[in-house]
Amino acid sequence: MDLSAIPWVELAPFILIGLFAQTIDSALGLGFGVLSNSLLVLFGAPPNAASSATRTAESFTSGASGMAHILQRNVDWPLFARLAVPGVVGGVVGIWLLTFLKGDILRPVLLVYLIAVGAYLLWRAPRRPLAFRRIRLVAPLGFLGGFLDSSGGGGWGPLVTGNLLAQGMTPRMAVGTANAAEFFVTVTVLTAFVGIHGLHFTDAATGILIGGLIAAPLGAYCTRRIAPKQLLQLVGILLVGTSIWSLASLMFDPLPVFPRI
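It should be emphasised that the depicted structure is a prediction, and the values quoted were computed from it without experimental measurement.

Looking at the overall build of the protein
Phase 1: From N to C terminus, the protein includes ten helices and zero strands.
Phase 2: Written out in order from the N terminus, the α and β elements of the protein read α-α-α-α-α-α-α-α-α-α.
Phase 3: Expressed as a percentage of its 261 residues, the buried residues of the protein come to 48%.
Phase 4: Pairs at least 24 residues apart make up 84% of the contacts formed inside the protein by residues separated by at least 6 positions.
Phase 5: Accessible area of the protein: about 12,300 Å², with a carbon and sulfur share of 71%.

Here's what the structure looks like:
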């Protein structure tokens, strides 16, 4: 392969977006979809193209992130199985319903809920000791996360990671397990969309993919090294911030953008 033939100058902005979004996602368990999609739109990419590029790249970067968390021993395997299987089922159901329902119907309600979860995590982090608890309602959580991820274009990370942390799970295990299970949901969703629309690697998707693959191991390493209370606070901040941004995007569409890249 002739690396000199790759248009690195054109790919560079997208690689940086992938690096940033995947580092945050791997480290905190959420954020890749909303960060990469929002940054693409912010810099002038059409919303449909941004969503397609993000979804294409995420199917591969989520696998790299899951493998990195496995290597860092951040995965609770019994919980992983209880999340992944219903998550795949929820993803399939979401794709099927997408042909009959508008994908944004549930988004405002979900975003308000996630803001509340993030605020709770911020409140709880400095006040209560963190210890592993038995996590309840895992299958419904996985199903709903997969359903929202496929029908709404994102939602697994914020919903699943946020709820696992809110129930008291050890932060690095919650982040790592949610990341590892997400791979199977993302691949299921992508496979269905490829069958309908085909797979197209644009410059945006290629650049985000390259950046994401580089960043995945770094994010997983950070998850293991960050203190539990700090990790909980960071997740809370990101959950509140990205949910408010997404809610604003729904209310004031389109948001202002910078010149097209």
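Quick look at a nonpolar patch on the surface
Phase 1: There is a patch of nonpolar side chains on the surface, built from M67, I70, L71 and W77 and spanning about 430 Å² of accessible area.
Phase 2: Per-element tally for the nonpolar patch: the top contributor is helix α3 (residues 47–71), with three residues.
Phase 3: Structurally, the position occupied by M67 is in helix α3.
Phase 4: You can call M67 partly exposed: its relative accessible area is 46%.

Quick word on the nonpolar core
Phase 1: L79, L83, L121, W156, V160, L164 and M169 are the most contacted members of the largest nonpolar core, which totals 38 residues.
Phase 2: If one sorts the elements of this core by residue count, helix α8 (residues 171–197) sits on top with eight residues.
Phase 3: The contact partners of L79, leaving out residues within four places of it in the chain, are I135, V138, L164, M169 and T177.
Phase 4: If you look at the next biggest cluster of nonpolar residues, it comprises 14 residues, including L40, A53, A204 and L209.

A short note on the environment of A204
Phase 1: With respect to the helices and strands, A204 occurs in helix α9 (residues 203–225).
Phase 2: Take A204: its relative accessible area is 14%, and that puts it in the buried class.
Phase 3: Sequence separation between A204 and A53 is 151 residues; the distance between their C-alpha atoms is 5.9 Å.
Phase 4: If we skip the residues at most four places from it in the chain, A204 touches F14, L40 and A53.

Quick word on α3
Phase 1: With 25 residues, α3 should reach 36 Å at 1.5 Å per residue; the first-to-last C-alpha distance of 35 Å fits that figure.
Phase 2: Along α3, the sharpest kink reaches roughly 35 degrees, centred on E58.

Describing the UniProt feature "transmembrane region" (unreviewed entry) in the protein
Phase 1: Summarizing the sequence annotation, UniProt attributes the feature "transmembrane region" (unreviewed entry) to residues 12–35, 79–99, 105–123, 179–198, 204–222 and 234–252 in the numbering used throughout.
Phase 2: Across residues 204–222 one finds 100% helix and 0% strand; the C-alpha atoms that close the span lie 26 Å apart.

A look at the packing of helix α1 (residues 8–28) against helix α2 (residues 32–42)
The description of two helices packed together rests on the angle between their axes and the distance between the axes.
Phase 1: At a minimum axis separation of 8 Å, α1 and α2 run at an interaxial angle of 155 degrees. Put simply, α1 runs roughly antiparallel to α2. The two elements α1 and α2 cross, and the hand of that crossing is right-handed. From α1, F14, I17, F20, A21, Q22, I24 and D25 reach across to α2, where they touch F32, L35, S36, L39 and L40.
Phase 2: Considering only residue class, the contact of α1 with α2 consists of nine nonpolar, two polar and one charged.

Overview of unusual backbone geometry
Phase 1: Although it is not a glycine, R73 sits at a positive phi angle of roughly 60 degrees.
Phase 2: You can see R73 is positioned in the loop between α3 and α4 (77–98).

A word on the packing of aromatic side chains
Phase 1: Within this structure, the stated rule accounts for four aromatic pairs.
Phase 2: Taken together, a centroid distance of 5.2 Å and an interplanar angle of 75 degrees make the contact between W77 and F80 edge-to-face. Placement of the pair is W77 and F80 together in helix α4, with a separation of three residues, close to one helical turn.
Phase 3: In this structure W77 comes out as partly exposed when scored by relative accessible area, which is 45%.
Phase 4: Ring geometry for F80 against F184: centres 5.7 Å apart, planes inclined by 65 degrees, an arrangement best described as edge-to-face. Of this pair, F80 sits in helix α4 while F184 sits in helix α8; the two residues are 104 residues apart in sequence, bridging distant segments of the chain.
Phase 5: The buried category is assigned to F80, whose relative accessible area is 13%.
Phase 6: By relative accessible area, which is 40% here, F184 ends up partly exposed.
Phase 7: Here the aromatic residues W77, F80, F183 and F184 are joined through ring pairs into a cluster of three or more.

Reading the values: rules and limits
Residues numbered from 1 in each chain as written. Predicted model: local features only at pLDDT ≥ 70, side-chain atom pairs only at ≥ 80, totals over all residues. Heavy atoms only, no water. Helix = DSSP H or I, 4+ residues; strand = E, 2+ residues; numbered from the N terminus. Buried < 20%, exposed > 50% of the residue type's maximum accessible area, 1.4 Å probe, protein only. Contact = heavy atoms within 4.5 Å. Areas by Shrake-Rupley, 256 points an atom, 1.4 Å probe, with all protein chains shown as cover. Patch = residues over 30% accessible without salt bridge, like charges linked within 9 Å, V, L, I, M, F, W, Y side chains within 5 Å. Salt bridge = Lys/Arg side-chain N within 4 Å of Asp/Glu carboxyl O. Core = buried A, V, L, I, M, F, W, Y, C linked by side-chain atoms within 4.5 Å. Expected span 1.5 Å × (residues − 1). Bend = angle between axes of the 7 residues up to and from the residue. UniProt positions renumbered as here; feature names shortened; annotations may be inferred. Axes fitted to C-alpha atoms, helices over the stretch in contact; angles between N-to-C directions. Parallel < 35°, antiparallel > 145°, perpendicular 65-115°, else oblique. Left-handed = near helix turned anticlockwise from the far one by under 90°. Nonpolar A, V, L, I, M, F, W, Y, C, P; charged D, E, K, R; others polar. Phe/Tyr/Trp six-rings, centres within 6.5 Å; stacked < 30°, edge-to-face > 60°.

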